[in-house]
Amino acid sequence: MKKKLLILVTAIMLVLASCGAKPTLAEWVEGDKVTETERQLNELYQGSGIRAEFSIDGDDVLVFSCIYEQQLDFSGVTQETIDTTYATQLDALSSAMVPIFAECKEDTGVDLSCIRIKFVNADGTVIYSRDYTN
């Protein structure tokens, strides 16, 4: 009887301890807040040929992918030209990343090492990637 009571008390303590636990980064990305943001972005940019997708890389990298729905042809274009074009378009985003770092820390307790923005061709090839650090 003592053994069963001890197991029951231990189980209750574990359940209560996990109730206040913060989600992992993976759980946060799959949770309501991030999936709703992803849904809204995809609704906003519907018909543009790009869809948004959030994911993680490891334990502390939030990845935001912009995925082209149709294959883009970059034949004859150097990677340097591609990098310059995308970098110029993303230069203004640096300050917009700060609140995401803070919100992630508040919601999960995870200090992101970076937020990675990727542009991905329809075939899965990464066209351009940029890491933002806090």
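Everything here concerns the structure above.
Residues numbered from 1 in each chain as written. Predicted model: local features only at pLDDT ≥ 70, side-chain atom pairs only at ≥ 80, totals over all residues. Heavy atoms only, no water.

(A) Focus on the pairing of strand β4 (residues 126-132). In this sheet, β4 lies alongside strand β3 (residues 114-120) in antiparallel orientation, the contact comprising six bridges. Bridging across to β4, R116 finds its partner in D131. Connecting the antiparallel pair β3 and β4 is a turn made up of five residues, with G124 showing a positive phi of about 95°. (Pairing = 2+ DSSP bridges. Helix = DSSP H or I, 4+ residues; strand = E, 2+ residues; numbered from the N terminus.)

(B) Spotlight on the side chain of R130. By the element assignment, R130 lies in strand β4. Polar side-chain contacts of R130 include one of 3.3 Å to the backbone oxygen of A87. (Polar contact = N/O pair within 3.5 Å; in protein donor to acceptor, adjacent residues only side chain to side chain.)

(C) Highlighting the packing of aromatic side chains. Counted according to the given criterion, the structure contains four aromatic pairs. Between F54 and F64, the ring centres sit 5.0 Å apart and the planes meet at 45°, which makes this aromatic pair tilted. Of this pair, F54 sits in strand β1 (residues 50-56) while F64 sits in strand β2 (residues 61-68); the two residues are ten residues apart in sequence, bridging distant segments of the chain. You'll find F54 and F64 in the same group, each marked buried. Aromatic side chains Y86 and F119 sit 4.7 Å apart centroid to centroid with 50° between the ring planes, which places their arrangement in the tilted category. Of the two residues, Y86 sits in helix α4 (residues 79-90) while F119 sits in strand β3, which places them 33 residues apart along the sequence. The exposure class assigned to F119 is buried, which follows from its relative accessible area of 9%. Among the aromatic side chains, those forming a connected cluster through ring pairs are Y68, Y86, F119 and Y128. (Phe/Tyr/Trp six-rings, centres within 6.5 Å; stacked < 30°, edge-to-face > 60°. Buried < 20%, exposed > 50% of the residue type's maximum accessible area, 1.4 Å probe, protein only.)

(D) Up close: helix α5 (residues 94-108). Taking 1.5 Å per residue, 15 residues should reach 21 Å; α5 reaches 22 Å between its end C-alpha atoms and fits that length. One or two positions beyond α5, positive phi appears at G109, with a value near 85°. (Expected span 1.5 Å × (residues − 1).)

(E) Quick look at the nonpolar core. Counting 24 residues, the largest nonpolar core has L112 and F119 as the members making the most contacts within it. Of all elements in the fold, only α2 (25-30), β1, β2, α4, α5, β3 and β4 reach the threshold of two or more residues within this core. The element that contributes the greatest number of residues to this core is β2, accounting for four residues. For F119, the contacting residues outside a window of four places in its chain are C66, Y68, Y86, L90, T125, V126, I127 and Y128. (Core = buried A, V, L, I, M, F, W, Y, C linked by side-chain atoms within 4.5 Å. Contact = heavy atoms within 4.5 Å.)

(F) View of the sheet that holds β1. Strand order across the open sheet formed by four strands is β1-β2-β3-β4, with mixed pairing between neighbours. In the strand order of this sheet, the two ends are held by β1 and β4, each with one partner. When strand polarity is set aside, the average angle formed by the axes of neighbouring strands in this sheet is 15°. The strands that α4 touches are β2, β3 and β4; relative to β4, the one it contacts most, it runs at about 45°. Contacts from α5 reach β2, β3 and β4 within the one sheet, and its direction differs from that of β3 by about 125°. (Axes fitted to C-alpha atoms, helices over the stretch in contact; angles between N-to-C directions.)

(G) Seen up close, α4. Here α4 contains twelve residues, and its C-alpha end-to-end distance of 16 Å stays within 8% of the 16 Å for a straight helix at 1.5 Å per residue. Among the residues of α4, I82, Y86 and L90 are the ones counted as buried. Buried residues in α4, looked at end-on, bunch into an arc of 55°, giving them a common side. Those residues of α4 that are exposed and angled more than 90 degrees off the buried face are E80 and T88. Buried residues along α4 sit against β2, α5, β3 and β4. (Arc of directions from axis to C-beta.)

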